[in-house]
Amino acid sequence: SPFTRRAFLGTVALGLAGCTSGNPLILPTDPLVSRTESARGGTGRTRAVTLTATRSQVDLGGPVVDTWTYDGALPGREIRVGAGDLVEARLVNRLPADTSVHWHGLALRNDMDGAPPVTQAAIKPGEDFTYRFVAPTPGTYWFHPHTGTQLDRGLYAPLIVEDPAEPGGYDAEWVIVLDDWLDGTGTDPDEVLAGLRRRGGHSMHGMTGLGGDVPHPHHLINGRVAAAPVTFAAKPGHRVRIRFINAAADTAYRVALSGHRMTVTHTDGFPVTPVDTDALIMGMGERYDVLVTLGDGAFGLVALAEGKNATARAIVRTGSGAVPDVRPAELDGKVVTYDELRAVAPLSARKPDVVHRMALTGGMMSYEWGINGRTGDLTPARVRSGQRVRLEFANTTMMWHPMHLHGHTFQLGGPRKDTVIVRPGQTVACEFDADNPGQWMVHCHNAYHAEAGMMTALGYE
Ligand code: C2O
Ligand code: CU
């Protein structure tokens, strides 16, 4: 196709020249903010952070790995701000490769979205770049590079935007980040991807239909393997808000807390009418917030890798007693579905002005994933400001694809989300209002599928 990423960079660079003086490091002193940002108004507070992307050695609780992290931590240190705060996040690139930071789920001004080459030039080794934006909406978000398969090396961290107006009503808050991990002997995601493309996925793994293409022998909760879990301590009867983030590159998880039901309160940052469930299924990139009232004892918080039959876990302790090492029965209980969830603030009902159908295509044999049969084609699907847009993801493959849209939150029937699992054979429709001009990525959040071509863009006219 004539529109490779490289060709696309040319057209976008021209488009951006007018507003950034051609230099992505120079920002207007008066920050232009996206519509969602300005709708919230600012608090006048500035939160400055520096993130250093660097080679590091990390102890996963047994396995010690040489990898890439933000500031040596896995997950990277959480950024926590209030809605309306101005975030100034300076990324210092000490990696031997280009990088970027994407603020997953936030509707930011386009040139702060961190998706090279479309929204900025990649940050070169030894260089730095300051992202500057007003945190527009409260919720559970996260950030990671938008450069190749780097997130699978451990470059990820939570971004929590607190709501000053929220009633709260809980005694503690825990952030739980799930991840799948390649083996500890220096396996490199780029080599894994090259191998998949050379030999096809079948030779490495059975076809599970669940997105399990890549051998990830370890599964982590907050950077720890199941044998050396993180422990959360609390008191019996405490109400806890848990913010779950699936930061894995290639694994959907089924999550449960033994002996408890969870009440789902938010999907991808946005409040829903509370619904009780025994377990959650989380695709890559998705977030759920839940409330739990804790019993007395020791409990296993377990994330089961769908289709891989391996687990990550943490321990919740409110009293004495042995920690159950068994698979919680709740994993086989009720799993909340998208259909049951209702956003507290849904989009108004309105007929779509434009429909873009995106067939998810490709297969394990060639390991060439695509959208509408085209691989890595960033020719944007066109929208105009003010339109109600409908995206239809039609999965023609045998694998799961968690599809993610940048710069917007969409309405998915009931809940509002920015990432949605599309199962084999399924068609999923999402609607949003085009209110944030720019060029926005649309892609599968399986890092290997995206890098092998299941990525396109949406462009405002
Ligand atoms: Cu979290 Cu375009 O990604
Ligand atoms: Cu995919």
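Provided above is the structure to which this section pertains.
Conventions we followed
- Residues numbered from 1 in each chain as written.
- Chains lettered and ligands numbered in written order.
- Predicted model: local features only at pLDDT ≥ 70, side-chain atom pairs only at ≥ 80, totals over all residues.
- Heavy atoms only, no water.
- Buried < 20%, exposed > 50% of the residue type's maximum accessible area, 1.4 Å probe, protein only.
- Helix = DSSP H or I, 4+ residues; strand = E, 2+ residues; numbered from the N terminus.
- Pairing = 2+ DSSP bridges.
- Arc of directions from axis to C-beta.
- Contact = heavy atoms within 4.5 Å.
- Polar contact = N/O pair within 3.5 Å; in protein donor to acceptor, adjacent residues only side chain to side chain.
- Phe/Tyr/Trp six-rings, centres within 6.5 Å; stacked < 30°, edge-to-face > 60°.
- Lys NZ or Arg CZ within 6 Å of the ring centre and 35° of its normal.
- Salt bridge = Lys/Arg side-chain N within 4 Å of Asp/Glu carboxyl O.
- Core = buried A, V, L, I, M, F, W, Y, C linked by side-chain atoms within 4.5 Å.

Focus: the pairing of strand β28 (residues 419-422)
- Alternating positions in β28 separate into two faces, T419 and I421 on one and V420 and V422 on the other, with burial throughout.
- Strand direction decides the pairing type here: strand β25 (residues 401-405) and β28, joined by four bridges, are antiparallel. In the sheet register, H404 faces β28, and the bridge partner there is T419.

Describing helix α3 (residues 189-199)
- Those residues of α3 not exposed but buried are P189, V192, L193, G195 and L196. For α3, the arc enclosing every buried residue in end-on projection is 160°, short of the 170-degree limit, so these residues lie on one face. Along α3, exposed side chains directed more than 90 degrees from the buried face belong to E191 and R198.
- Those residues of α3 that are buried lie in contact with α4 (447-451).
- For α3, the side-chain oxygen to backbone nitrogen distance between the N-cap and D190 is 2.6 Å, and the N-cap itself is D188.

What about the packing of aromatic side chains?
- For the structure on display, the rule yields seven aromatic pairs.
- Ring geometry for W103 against Y131: centres 5.6 Å apart, planes inclined by 75°, an arrangement best described as edge-to-face. Remark: Y131 occurs in strand β6 (residues 128-134) and W103 occurs in strand β5 (residues 102-104); sequence separation between them is 28 residues.
- Relative to W369, the ring of Y367 lies with its centre 5.7 Å away and its plane at 85°, an arrangement referred to as edge-to-face. Each member of the pair, Y367 as well as W369, carries the same accessibility label: buried.
- One aromatic cluster in this structure is built from Y70, W103, F129, Y131, F133 and F143.
- The ring of W68 has R153 sitting right over it, with the charged end atom 3.8 Å from the ring centre.
- Between K417 and the ring centre of Y288, over which it is positioned, the NZ or CZ distance is 5.8 Å.

Brief notes about the pattern of salt bridges
- Summed over all chains, the structure comprises 34 salt bridges.
- For the salt bridge of R80 with E173, the shortest nitrogen-to-oxygen distance reads 2.6 Å. With R80 in strand β3 (residues 79-82) and E173 in strand β9 (residues 172-181), the pair connects residues that are 93 residues apart, well separated along the chain.
- With a relative accessible area of 23%, E173 lands in the partly exposed category.
- Notably, a salt bridge pairs R384 with E461, separated by 3.2 Å at the nearest N-O pair. Taken as a pair, R384 in the loop between β23 (380-383) and β24 (388-395) and E461 in the segment after β31 (455-460) lie far apart in primary sequence, 77 residues in all.
- Residue classification places R384 among the partly exposed positions, given a relative accessible area of 46%.

What to know about the nonpolar core
- Membership of the largest hydrophobic core comes to 92 residues, with the highest contact counts inside it found for F244, L280, L301, F393 and Y448.
- Looking at this core element by element, the count peaks at six residues for β9.
- Sequence-distant contacts of F244, defined by excluding residues within four places in its chain, comprise I176, V255, M262, L280, M282, E286, R287, Y288, V290 and L301.
- With 28 residues, the next largest nonpolar core counts L91, V101, A135 and Y141 among its residues.

What about unusual backbone geometry?
- Cis peptide bonds are those with omega within 30 degrees of zero, and the linkage from L74 to P75 qualifies with -10°.
- Its location among the elements puts P75 in the loop between β2 (64-70) and β3.
- A positive phi angle, near 50°, is found at Y367, a position not held by glycine.
- Examined against the element boundaries, Y367 turns out to sit in the loop between β21 (354-361) and β22 (370-371).

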